[in-house]
Amino acid sequence: MRLLVSLLVIIMIAIARIPLPKLPYRQTSDPDLVQESTVVDQDLVLLVLLSAIALTSLVWTSFDFLLQGNISALIAIAIAAAIGKILAGILLLSNHPH
């Protein structure tokens, strides 16, 4: 259990250290847009918090399936994650101007 908690803490630290890209609305001196960036920062904190909760739930659910020997559920989770990654990549590439 300590190993799993340590692994989650290491992953959280690694994610927190990823530098954020410079966004266009952060480069302005307009006070109205500065307020908007504060809201975006708060949204980022909520997104990280919800992601951590979802990741914890996924890890414990996967661990429970593994202990019960329910390999088909683990394969289904892996396939769903792969499909999600593929769709997210397609979505990001379609919205990224070249």
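Residues numbered from 1 in each chain as written. Predicted model: local features only at pLDDT ≥ 70, side-chain atom pairs only at ≥ 80, totals over all residues. Heavy atoms only, no water.

Caption draft 1: Focus on the confidence of the model for the protein. The predicted model of the protein averages 79 in pLDDT, with 77% of residues at 70 or higher. When pLDDT is averaged over each element of the protein, helix α1 (residues 2-16) comes out on top at 86 and helix α2 (residues 31-68) at the bottom at 77. (pLDDT = per-residue confidence, 0-100. Helix = DSSP H or I, 4+ residues; strand = E, 2+ residues; numbered from the N terminus.)

Caption draft 2: Broad picture of the packing of aromatic side chains. A full pass over the atoms with the stated rule returns 1 aromatic pair. Ring centres of W60 and F63 lie 6.2 Å apart, and the angle between their planes is 80 degrees; on these two criteria the pair is classed as edge-to-face. Of this pair, W60 and F63 both sit in helix α2, 3 residues apart, which is roughly one turn of the helix. Its relative accessible area of 36% is what places W60 among the partly exposed residues. (Phe/Tyr/Trp six-rings, centres within 6.5 Å; stacked < 30°, edge-to-face > 60°. Buried < 20%, exposed > 50% of the residue type's maximum accessible area, 1.4 Å probe, protein only.)

Caption draft 3: Representation of the environment of L4 within the structure. Relative to the assigned elements, L4 resides in helix α1. It is 9.9 Å that separates the C-alpha atoms of L4 and T56, two residues lying 52 residues apart in sequence. Once you skip the residues sitting within four places of it in the chain, L4 turns out to touch V59 and W60. (Contact = heavy atoms within 4.5 Å.)

Caption draft 4: Seen up close, the side chain of S62. Note on placement: S62 falls in helix α2. Owing to a relative accessible area of 17%, S62 belongs among the buried residues under this scheme. Among the polar contacts made by the side chain of S62, one reaches the main-chain carbonyl oxygen of L58 at a distance of 2.8 Å. Once residues within four sequence positions are removed from consideration, S62 is found in contact with L74 and I77. (Polar contact = N/O pair within 3.5 Å; in protein donor to acceptor, adjacent residues only side chain to side chain.)

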